[in-house]
Amino acid sequence: MGISNSTSSQRKMSDFLIGNIKKKSDVEKKFFSLSYKFLDKRLAISNKETVSLQNEFSCCAEPNPAQQKNELDLTTNQNFVLNDSTANENGLFIPLKSTKKLYGTQTYIQWKASFDVESCFLKKNKTIYLVSINEYPSFIDDFTISFKSKNISFKELLTVFLEAFFCGKNVQWLPAVNILESKWNITSRYHKTTNKFQYLVTDFFVPLKKMKPKNGYCIMGMSWSDLYPCEDLNFVLGEASNRHKSGVFSFGRYEPKSFSESNHPEVTDIDTHVLWKLFKPLFLCPVCVRKLQHVCKFDIIQRYERLQTVIDSIQKAMPSQKWKESSDWLQRCLNFLVECKKSLPRIT
Ligand SMILES: [Zn+2]
C-alpha cells in the first residue's frame, strides 16, 4: 500500500470507525480521534486493505483505569502533550487484549445505519422508564446513601447514575409490577443446580412494551429474581429487545457453574462490592461514546462530570480502591478534555 493510498484508505477507515466528525466541536474531535491511533496500530499489524476492518473491528479500546508505569502525568501541564498519540498510548484507553472475535460488534457507521432506521419515531423521546418487578428484599428498600448532601434511596441512586450515564435522557420509575397480580404469564423454573427460582427473560419484552408510556424512549424492568435466556443455559443478567424497546435486568446473584450453598450466602446488605458489581461497566471507548452521544445528545465534559459526581458520592459513603480508580480515570479524561478546550483559538 503506497503512502497516498494508505492515507486515503486510513481516512476511509476512520470515517467507517467513528463517522465523519468534521462538524463536531474541537474538543469532541480530539476525544473521538483518540480511537484513530488503534486503527493505525491494527493497520500496521495486519497490513491488510480496508476490507479487514469490516468484520474484525469496532470497539477499539477499553478504559485504562490504572496508571501505567511510563505514563505521562496528565494532571499537570508539565508533561501533558495535547497530542492524540500521547494521550492514547499512555493514558486514557488501552487496546482490547482479547484476540477472540467479539460478538455483535459494530463500528459507529454500521451501528448508525440500523439505529437511525429503527429509531426514527423515538428520537425525540427523552424518558427512560424503569419498573420494579416483584418485591425487593427489605434491605434494598431501607438503603440510603448521601448524594449532594441529601439522603437518597437505592432507586434514586440508580436514577442519578443512569441520568449521568445516559446524560440528556430523564429516568422515571413506573409503579412496581407484581407478575402474578398483573397476569404477565412469564415462564419460570427452578434451576437444577442452585434450586433458585428463575424467570425466562424473553417473556418480559411484550408486557413491558405495552406498559411503556408514549413519550418513553425505552423501558427496563428491574428484578431481584434470577433470569434465564433459554432451557439450555444457566442464567443471564439481563437482556433487551431492540424491536420492543424493552428489556429486563436482574441482580444475578448466582453463578451456577461455581455454585455451592456455602460459598453463596444470600446477599443481605448493599456494600461497596454489591454496588461495584452493579455499576462497574461504566466507561466506554470513544466509539461507544460516539454512539451514545448520537442517541442522548450530551456534552462529553458534562457527562463525565456528572458520572464523577455519582462515583465520588459512593466513594465518600463506601470507600474502596475501585471507586477511587474510577474517579481518577474520569478526572484524567476531564483534564484531557478541558486542556483541549483551553487550547482552542479565541474568537476576537
Ligand atoms: Zn467501545
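Residues numbered from 1 in each chain as written. Predicted model: local features only at pLDDT ≥ 70, side-chain atom pairs only at ≥ 80, totals over all residues.

- Of the comments in the UniProt record for the chain, the one headed Cofactor (unreviewed entry) reads "Zn(2+)". (UniProt positions renumbered as here; feature names shortened; annotations may be inferred.)

**Considering the sheet that holds strand β12 (residues 246–250)**
Strand pairing in a sheet relies on backbone hydrogen bonds, with the paired strands running either antiparallel or parallel.
Here is step 1 of the chain: If you trace the five strands from one edge of the open sheet to the other, you get β6-β3-β9-β12-β11, paired in mixed fashion. Two strands in the sheet have a free side with no partner beyond their single neighbour: β6 (170–177) and β11 (238–241). Adjacent strand axes in the sheet meet at a mean angle of 20° when their direction is disregarded.
Here is step 2 of the chain: Of the strands in this sheet, β3 (127–133) and β6 are in contact with helix α8 (residues 154–165), which crosses β6 at around 145°. (Pairing = 2+ DSSP bridges. Helix = DSSP H or I, 4+ residues; strand = E, 2+ residues; numbered from the N terminus. Axes fitted to C-alpha atoms, helices over the stretch in contact; angles between N-to-C directions. Contact = placed C-beta atoms within 7 Å.)

**Brief notes about the pairing of β12**
Within a regular strand, the side chains alternate between the two sheet faces.
Here is step 1 of the chain: Burial analysis of β12 places four of its five residues in the buried class, which makes it a mostly covered element.
Here is step 2 of the chain: Judged from the five bridges that link them, strand β9 (residues 216–223) and β12 form a sheet pairing that is parallel. The residue of β12 that forms the bridge with Met222 is Phe249.
Here is step 3 of the chain: Where β11 and β12 come together, four bridges link them in antiparallel fashion. Following the sheet pairing, Ala240 is matched in β12 by Gly247. (Buried ≥ 20, exposed ≤ 12 C-beta atoms within 10 Å, placed from the backbone.)

**Digging into the packing of α8 against helix α13 (residues 300–317)**
Here is step 1 of the chain: Close contact between α8 and α13 brings their axes to 8 Å; oriented N to C, the two are set at 160°. Relative to α13, α8 is oriented roughly antiparallel. Relative to α13, α8 is oriented so that their crossing is left-handed. Contacts between α8 and α13 pair Val160, Phe161, Ala164 and Phe165 from the former with Arg303, Arg306, Leu307 and Val310 from the latter.
Here is step 2 of the chain: Per-class residue counts for the contact of α8 with α13 are six nonpolar, no polar and two charged. (Parallel < 35°, antiparallel > 145°, perpendicular 65-115°, else oblique. Left-handed = near helix turned anticlockwise from the far one by under 90°. Nonpolar A, V, L, I, M, F, W, Y, C, P; charged D, E, K, R; others polar.)

**Side note on the sheet that holds strand β10 (residues 226–228)**
Here is step 1 of the chain: A sheet is described by the order of its strands in space; here three strands give the open sequence β7-β8-β10, paired in mixed fashion. Looking at which strands have only one partner, the edges of the open sheet turn out to be β7 (188–190) and β10. This sheet shows a mean twist of 40° between the axes of neighbouring strands, independent of strand direction.

**Quick look at the nonpolar core**
Here is step 1 of the chain: Leu307, Cys333 and Leu337 are the most contacted members of the largest nonpolar core, which has 33 residues in total.
Here is step 2 of the chain: Looking at this core, the elements with two or more residues in it are α1 (3–18), α2 (26–32), α8, α12 (286–296), α13 and α14 (321–342).
Here is step 3 of the chain: Of the domains in this structure, domain 1 (1–118 + 282–348) and domain 2 (124–270) are the two that each give at least three residues to this core.
Here is step 4 of the chain: With sequence-adjacent residues up to four places away left out, Leu337 is seen in contact with Val27, Phe31, Ile300 and Ile301. (Core = buried A, V, L, I, M, F, W, Y, C linked by C-beta atoms within 7 Å. Domains from an automatic or database assignment.)

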